[in-house]
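# Overview (structure and organization)
Chain residues, written in single-letter form:
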Amino acid sequence: MPVYLNRNLPVEFARNCIQIGLINNMPDGALEATERQFLKLLDSVAGAANVCLTLYALPEVPRTEVGRCRISRFYSSVESLWDSRLDGLIVTGTEPRTSNLKDEPYWDTFAKVVDWAENNTHSTVWSCLAAHAAILHTDGISRRRLNDKLFGIFECAQASDHALTAGAHSSLRMPHSRWNDVPEKDLAHCGYRVLTRSKEAGVDVFARQRESLFVFFQGHPEYEANSLLLEYRREVGRYLKRERSTYPAMPSGYFDGDTADVLVEVQERLLSMGGDASLADFPTALVEKALANTWRSVGTCVYSNWLSFLCAKTERRIEPDRIERARAVRHAVGHVAGNG
């Protein structure tokens, strides 16, 4: 079954769907791409389930007029969450603007979302910065700054058996793009269960069963094949506009040898051009042809298991309603039969 955007769906139809919310806090340039990534991922694993996806965004995340316009057209207000329930929720990260997450302009609303999600969802997925912010709010676990940006595709291994990773290969690949990390010992001390980890990237996926099953990704299984390329290109653009002082490093384990050689030549050419260099000289289309999504099977496996978990929980939640409807039908049939 397809995944439906729950914007103008008939109420009766929406009631029979697995209700999932996506709080998309990504910057304006990645707003639409993030919508598409999660829609495609959920659509690929929906199977026979009808899934309704509702888009939300934290209002305090800084936006341009273009971003505000898109959110006003396609997104529901976070305020509508407080008196409602969802079967599942996905919360993305965003680019940090302060060194302390509690100083971010959206912190108070984010913390309210965390508290709401624990009591009003069966499970919530926290992605990247959202994972760091959620564990800081619930357990006071502070992330730590890395010496260099962790950027690329990294080999991960299963760290424990869990229903969310059932069917996944023991060794898997995952995109990461972050400047911060969380110590595994701090997670273990607070009762979190590490599901996958990497020698280079550290903890990858971890979870904790609270009132809701909270699932945390430091990586990005939802990424499309060109997501890291576009991020790399963005950073090259920032260098050319002198918004950063150094030319960015290529994502690790992502480009094949020939593509990496081409990009080294591009870097040398752009550097030699000085102030005349522009992103028009970056061979985006050429590089995209050589890319492959080597982590898609991991994303579909984990999200398929997550959706199965939601389906099972939803069946248990709606069972009393079904019983009451069955009783009403039997009563009505009996009443008609008696009158006959």
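These lines cover the structure that appears in this document, whether it is placed above or below. (Residues numbered from 1 in each chain as written. Predicted model: local features only at pLDDT ≥ 70, side-chain atom pairs only at ≥ 80, totals over all residues. Heavy atoms only, no water.)

### Things to note about the pattern of salt bridges
- Summed over the entire model, instances satisfying the criterion amount to 22 salt bridges.
- Between arginine 36 and glutamate 224 there is a salt bridge, with the nearest N and O atoms lying 2.8 Å from each other. Within this pair, whereas arginine 36 is found in helix 2 (residues 28-45), its partner glutamate 224 is found in the loop between strand 10 (213-217) and helix 7 (227-240), the two being separated by 188 residues in sequence.
- Its relative accessible area of 37% is what places arginine 36 among the partly exposed residues.
- One salt bridge in this structure joins arginine 234 and glutamate 95, with 4.0 Å as the shortest N-O distance. With a gap of 139 residues between them, arginine 234 in helix 7 and glutamate 95 in the loop between strand 4 (88-91) and helix 4 (107-120) connect regions that are remote in the sequence.
- In this structure arginine 234 comes out as partly exposed when scored by relative accessible area, which is 32%.
- Put simply, Glu95, Lys149, Glu231, Arg234, Glu235, Arg238 and Arg244 are held in one network by salt bridges that share partners. (Salt bridge = Lys/Arg side-chain N within 4 Å of Asp/Glu carboxyl O. Helix = DSSP H or I, 4+ residues; strand = E, 2+ residues; numbered from the N terminus. Buried < 20%, exposed > 50% of the residue type's maximum accessible area, 1.4 Å probe, protein only.)

### A few points about the pairing of strand 8 (residues 193-198)
- Pairing of strand 6 (residues 144-158) with strand 8 involves two bridges; the strand directions are antiparallel. Looking at the pairing, glutamine 158 lines up with threonine 196 of strand 8.
- With five bridges joining them, strand 8 and strand 9 (residues 202-209) adopt antiparallel strand pairing. Within strand 9, the position partnered with arginine 197 by the bridge is valine 203.
- Taking the residues that link successive antiparallel strands as the turn, the strand 8-strand 9 hairpin has three residues. (Pairing = 2+ DSSP bridges.)

### Description of the pairing of strand 3 (residues 51-56)
- In terms of residue burial, strand 3 counts as a mostly covered element, since six of its six residues are buried.
- Side-chain alternation along strand 3 places Val51, Leu53 and Leu55 on one buried face and Cys52, Thr54 and Tyr56 on a second face that is also buried.
- Bridge count between strand 1 (residues 3-5) and strand 3: three bridges; the pairing is parallel. Counted as the bridge partner of tyrosine 4 is cysteine 52 from strand 3.
- The sheet contact formed by strand 2 (residues 18-23) and strand 3 spans six bridges and is parallel.

### What to know about helix 2
- An ideal rise of 1.5 Å per residue puts 26 Å on 18 residues; helix 2 measures up with 27 Å between its terminal C-alpha atoms.
- Within helix 2, the full set of buried residues consists of Leu31, Ala33, Thr34, Glu35, Gln37, Phe38, Leu41, Leu42 and Val45.
- Directly beyond the C-terminal end of helix 2, a positive phi value near 60 degrees is found at glycine 47. (Expected span 1.5 Å × (residues − 1).)

### Description of the environment of tyrosine 232
- With respect to the helices, strands and loops of the structure, tyrosine 232 is situated in helix 7.
- The sequence separation of tyrosine 232 and proline 105 amounts to 127 residues, and the corresponding C-alpha distance is 27 Å.
- For tyrosine 232, the residues in contact, after removing those within four places along its chain, are Phe151, Tyr247, Pro248, Ala249, Met250, Pro251, Phe255, Leu263 and Phe282. (Contact = heavy atoms within 4.5 Å.)

### A few points about the packing of aromatic side chains
- Within the structure shown, the criterion is met by 14 aromatic pairs.
- With a centroid separation of 5.9 Å and an interplanar angle of 75 degrees, the aromatic rings of tyrosine 192 and phenylalanine 206 are classed as edge-to-face. Placement of the pair is tyrosine 192 in the loop between helix 6 (184-189) and strand 8 and phenylalanine 206 in strand 9, with a sequence separation of 14 residues.
- For phenylalanine 206, a relative accessible area of 0% corresponds to the buried category.
- Through a chain of ring-to-ring contacts, the aromatic side chains of Trp107, Phe110, Trp126, Tyr192, Phe206, Phe214 and Phe216 assemble into a single cluster.
- The cationic tip of arginine 208 hangs over the ring face of tyrosine 192; the distance from NZ or CZ to the ring centre is 5.4 Å. (Phe/Tyr/Trp six-rings, centres within 6.5 Å; stacked < 30°, edge-to-face > 60°. Lys NZ or Arg CZ within 6 Å of the ring centre and 35° of its normal.)

### Quick word on unusual backbone geometry
- Not every positive phi belongs to a glycine, and cysteine 128 is a case in point at roughly 55 degrees.
- Examined against the element boundaries, cysteine 128 turns out to sit in the loop between strand 5 (123-127) and helix 5 (129-139).
- Look at arginine 242: it is not a glycine, yet its phi comes out positive at around 65 degrees.
- Tracing the sequence through the fold places arginine 242 in the loop between helix 7 and helix 8 (257-273).

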